[in-house]
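A look at the structure
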Amino acid sequence: MTTRPGTAADVAALAALDAACFGARRWPREAWEEVILHPAWLTLVAETAGGELAGAAVLLCQRPVSSLASLAVAPAWRGCGIGSALLNDCILRCRGACANEVVLEVDEDNEPAMRLYRRFGFRPRRGFEDEGIRRVEMTLTLSESGRRLP
Ligand SMILES: CC(C)(COP(=O)(O)OP(=O)(O)OC[C@H]1O[C@@H](n2cnc3c(N)ncnc32)[C@H](O)[C@@H]1OP(=O)(O)O)[C@@H](O)C(=O)NCCC(=O)NCCS
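Residues numbered from 1 in each chain as written. Predicted model: local features only at pLDDT ≥ 70, side-chain atom pairs only at ≥ 80, totals over all residues. Heavy atoms only, no water.

Let's talk about the site of the ligand
Residues in close proximity to the ligand total 19 residues, the closest being Leu71, Val73, Gly81, Ser84 and Asn110. One of the backbone nitrogen or oxygen atoms of glycine 79 is found 2.8 Å away from an oxygen atom of the ligand. Within the contact set of the ligand, an oxygen atom lies 2.4 Å away from a side-chain nitrogen or oxygen of serine 84. Taken together, the elements giving at least two residues each to the shell around the ligand come down to strand E4 (65-73), helix H3 (82-96), strand E5 (101-107) and helix H4 (111-119). Ranked by residues supplied to the shell around the ligand, first place goes to H4 with five residues. Partitioning the shell around the ligand into residue classes produces ten nonpolar, five polar and four charged. (Near = heavy atom within 4 Å. Polar contact = N/O pair within 3.5 Å; in protein donor to acceptor, adjacent residues only side chain to side chain. Helix = DSSP H or I, 4+ residues; strand = E, 2+ residues; numbered from the N terminus. Nonpolar A, V, L, I, M, F, W, Y, C, P; charged D, E, K, R; others polar.)

Side note on the packing of aromatic side chains
By the definition in use, this model includes two aromatic pairs. Taking the centre distance of 4.8 Å and the plane angle of 35° together, the rings of tryptophan 27 and tryptophan 32 count as tilted. On the basis of relative accessibility, which here comes to 2%, the residue tryptophan 32 falls in the buried class. Just above the ring of phenylalanine 128 sits the side chain of arginine 126; from NZ or CZ to the centre is 4.6 Å. (Phe/Tyr/Trp six-rings, centres within 6.5 Å; stacked < 30°, edge-to-face > 60°. Buried < 20%, exposed > 50% of the residue type's maximum accessible area, 1.4 Å probe, protein only. Lys NZ or Arg CZ within 6 Å of the ring centre and 35° of its normal.)

Next comes the structure, spelled out in structure tokens:
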């Protein structure tokens, strides 16, 4: 498995992955076209040795605050370390951009995602409600957590 920046050729596979992971809350295909083409956004894809797109992350990599906008791994590939590899790559890139902090939002009841984020040092900052869903903003302070990265 390798991680690499996504390209326009990945849009169909990204939209399919998103639908498999988020159902009705998936991004429209146009949103994937936009993030792939927009210079400020970085899409990282995890590709298996067989060329299957098994996971993806979307990152606004900037200083002082970077944002992880999406992270998803295909159901068949979960629990193999792909989410961790993508998140690790995202954090390294944020460090490279000299960001002080990485923020993300997650459903309060999304235990696998919360465990992953906590393992990398993200901590909850505030809870809020979005269209009737309880969400949590989590933050990773890079200057304080550098020595704790796996
Ligand atoms: C959250 C998500 C991205 C995690 O991806 P993942 O690839 O399963 O994550 P990992 O494999 O790195 O870690 C998951 C678990 O597998 C374990 N694991 C990782 N590699 C492993 C390996 N080689 N052997 C055994 N277990 C392993 C991890 O320790 C972790 O265990 P834990 O949950 O008890 O802490 C995935 O569940 C997902 O796509 N969910 C749906 C979309 C979503 O909710 N995204 C987040 C929105 S904010």
